[in-house]
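Fold and contact review
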Amino acid sequence: MACRQTQERIAVLLAGAADRRERLEIESHTSACARCATAYRDYIATSVALDRAYAPLRHATVALSPARVRLAMRVPEPVPAPVRFSRVVARVNEFALAAAVTAFAFVGAGSVAPKPAITDEAVPTDVLTPNMHVGTMGDDQSFIRWFRIGRYATPSDLLDPAVSPRSLADETPPATPERAGLLR
Amino acid sequence: MTGRAAKKAAEIDARTDRELVYAAREHDMLAFDALFYRYKDGIFRLGLAITKDPSAAEEIVVDTFARAHRALARLEPEGSLRPWLYRVAVNLSYNRRPRKGLVISTLEDATEEIVQGEERSPSRLAELAELRRVVLAAIDTLGPKHKVVVVLHYLNGLNLAEIAQVVDCPIGTVKSRLHYALRRLRAHLAAHPELGFEPLGASMATPGRIPLTAVERVRGPQE
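**Points about the overall build of chain B**
Secondary structure summary: chain B contains eleven helices and zero strands in total. Along chain B, helices (α) and strands (β) appear in the sequence α-α-α-α-α-α-α-α-α-α-α when read from the amino end. Expressed as a percentage of its 223 residues, the buried residues of chain B come to 34%. Across chain B, every contact between residues at least 6 apart in sequence was considered, and the portion connecting residues at least 24 apart equals 59%.

Next up, the structure:
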């Protein structure tokens, strides 16, 4: 066996991967070769030094939880069975409450809502429009103006259709200044 | 931990990797947690030995198991899970670039607290610390391929067949890399005779006898 081959096998022997035959071959070669015997000794020393250098690190531990992995993967935490059951019960309660409130709202609305009135086809549905004066914003301002200056206004002013409500002249007698003052 | 939880944990720990992988595939998160607790420390040590950064090593542990979780469906649980996990961890360790401005602590710093816990004389502790520093510095001079083989064998205790699975190469290549690494390390350590390493070729061994003086010096007195 050549020296290079022997030295490679020494490394294998130190790694614990050599069988008995290889070990005997190495020993027989190193007994005859001073160079390989030195290499054998040196490799043992190096191997032991490596073993010692890593010895403290072999006891190193890490305080990590599998939750870190789940957090990194966005995987939800496993929920214990009792907690899972209580969550299901809570969800069922929520649905039952929501259904009850909805049913109550529908039933209550149905009983309280007015019955639809019997309508005469001859009567126009819109009975307010013909009898209602639809004023503009200007009419309201005119009324306020009339209300505030009425005390000092002359009857002719009050009868002025520009400053009085449309039907005022028909329904009320002309107001004297004294009478207008009573309106305050 | 309650009695029921302890019983459950013990039951899970008794299962093999294969059983745990199959259970994890069925969304049994406790089985996945058992795999995590089984291998997290080994992967952490591997990441720490390569990156020398404890926080980076923690991230490597998390990333490795996150990948394992994603790959559960296509994992081959017939073989051992350990080489697969270590392969992922090695790739993550070497793909991780040091963060800008980060001062990475040395491996000795990371293990200093553990060393201090040992009961030894101060001189012996100092000698061991110096030996550790020199050896770890020598390991850093190795290339990634050779360093991985050394770390996996001497730190994580993997045999050559498992290392071959991790680095995805024939076992003969692993033997060759280990031999090369030992030879390189020996050359570096020969520069420190004060630690018991004699210069290369300084003393020729007598044929037929393996002198173990250097080994005894490195080992120290029998413990």
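Moving on, there is more to tell.
**Here we look at the overall build of chain A**
In terms of helices and strands, chain A carries nine helices and zero strands. Starting at the N terminus and walking to the C terminus, you meet the elements of chain A as α-α-α-α-α-α-α-α-α. By sequence separation, contacts in chain A at least 24 residues apart represent 45% of the contacts at least 6 residues apart.

**Some details on helix α2 (residues 20-32) of chain A**
All names here are of chain A. Across its 13 residues, α2 extends 19 Å between first and last C-alpha, which sits within 8% of the 18 Å expected from 1.5 Å per residue. For α2, the set of buried residues is Ile 26, His 29 and Thr 30. Viewed end-on, α2 has its buried residues packed into an arc of 95°, placing them on one side of the element. For α2, exposure combined with an orientation more than 90 degrees from the buried face picks out Arg 20, Arg 21, Leu 24 and Ala 32. Where the residues of α2 are buried, they touch α1 (3-14) and α3 (34-54).

**Some points on the packing of α3 of chain A against helix α10 (residues 171-189) of chain B**
It is at 9 Å that the axes of α3 of chain A and α10 of chain B come closest, and there the two elements cross at 85°. For the element pair α3 of chain A / α10 of chain B, the angle class is roughly perpendicular. Touching Asp 42, Tyr 43, Thr 46, Ser 47 and Ala 49 of chain A of α3 of chain A are Leu 182, Leu 185, Arg 186 and Leu 189 of chain B, all from α10 of chain B.

**So, the environment of Arg 38 of chain B**
Residues and elements named next belong to chain B. In this structure, Arg 38 sits in helix α3 (residues 29-51). Since 16 C-beta atoms lie within 10 Å of it, Arg 38 is described here as partly exposed. Sequence separation between Arg 38 and Asp 17 is 21 residues; the distance between their C-alpha atoms is 9.4 Å.

**Considering the packing of helix α4 (residues 66-73) of chain A against helix α4 (residues 54-70) of chain B**
In contact at an axis separation of 9 Å, α4 of chain A and α4 of chain B are set at 65° when each is read in the N-to-C sense. On the basis of their axis angle, the class for α4 of chain A and α4 of chain B is roughly perpendicular. The element α4 of chain A and its partner α4 of chain B pack so that their crossing is right-handed. Facing α4 of chain A, whose interface residues are Arg 68, Val 69, Ala 72 and Met 73 of chain A, α4 of chain B presents Val 62, Phe 65, Ala 66 and His 69 of chain B.

**Concerning the nonpolar core**
It is characteristic of soluble globular proteins that their nonpolar side chains tend to be buried jointly. Formed by 73 residues in total, the largest nonpolar core has its most connected members in Ile 43, Ala 89 and Val 151 of chain B. Per-element tally for this core: the top contributor is α3 of chain A, with twelve residues. Leaving out residues up to four positions away in the same chain, Ile 43 of chain B has contacts with Ile 60, Val 61, Thr 64, Leu 85, Tyr 86 and Ala 89 of chain B.

**A closer look at α4 of chain B**
If you check α4 of chain B, its first and last C-alpha atoms are 24 Å apart, about what 17 residues at 1.5 Å a residue would give, namely 24 Å. Within the span of α4 of chain B, buried status applies to Ala 56, Ala 57, Ile 60, Val 61, Val 62, Asp 63, Thr 64, Phe 65, Ala 68 and His 69 of chain B. Considering only its buried residues, α4 of chain B is in contact with α4 of chain A together with α3 and α5 (81-95) of chain B.

**Quick notes on the interface of chain B and chain A**
Each side of the interface is counted separately: chain B has 50 residues, and chain A has 43 residues. Those elements that place two or more of their residues in the side of chain B that touches chain A are α3, α4, α6 (107-116), α7 (122-140), α8 (144-155), α10 and α11 (213-219) of chain B. Among the elements that make up the side of chain B that touches chain A, the one with the highest residue count is α3 of chain B (ten residues). Its residues placed into classes, the side of chain B that touches chain A shows 34 nonpolar, seven polar and nine charged.

**Some details on the environment of Leu 13 of chain A**
Among the secondary structure elements, Leu 13 of chain A is positioned in helix α1. On a C-alpha basis, the gap between Leu 13 of chain A and Ile 44 of chain A in space is 9.9 Å, while along the polypeptide they are 31 residues apart.

**Some words on the confidence of the model for chain B**
Residues and elements named next belong to chain B. Chain-level statistics for chain B give a pLDDT mean of 74 and a share of 69% at 70 or above. Element-level mean pLDDT values for chain B span from 41 in α11 up to 88 in α8. Predicted confidence for residues 202-223 stays below pLDDT 50, and this span has 37 contacts to residues more than four positions away or in other chains. In the predicted assembly, ipTM is 0.72 and pTM is 0.60.

**A word on unusual backbone geometry**
All names here are of chain B. Even without being a glycine, Lys 52 presents a positive backbone phi close to 65°. Relative to the assigned elements, Lys 52 resides in the loop between α3 and α4. By C-beta crowding, Lys 52 is classed as partly exposed, having 19 other C-beta atoms within 10 Å. Look at Asp 168: it is not a glycine, yet its phi comes out positive at around 60°. As for its position among the elements, Asp 168 is in the loop between α9 (160-167) and α10. Asp 168 gets classed as exposed once you count the C-beta atoms within 10 Å, which come to 10.

Rules used in this analysis
- Residues numbered from 1 in each chain as written.
- Chains lettered and ligands numbered in written order.
- Predicted model: local features only at pLDDT ≥ 70, side-chain atom pairs only at ≥ 80, totals over all residues.
- Helix = DSSP H or I, 4+ residues; strand = E, 2+ residues; numbered from the N terminus.
- Buried ≥ 20, exposed ≤ 12 C-beta atoms within 10 Å, placed from the backbone.
- Contact = placed C-beta atoms within 7 Å.
- Expected span 1.5 Å × (residues − 1).
- Arc of directions from axis to C-beta.
- Axes fitted to C-alpha atoms, helices over the stretch in contact; angles between N-to-C directions.
- Parallel < 35°, antiparallel > 145°, perpendicular 65-115°, else oblique.
- Left-handed = near helix turned anticlockwise from the far one by under 90°.
- Core = buried A, V, L, I, M, F, W, Y, C linked by C-beta atoms within 7 Å.
- Nonpolar A, V, L, I, M, F, W, Y, C, P; charged D, E, K, R; others polar.
- pLDDT = per-residue confidence, 0-100.

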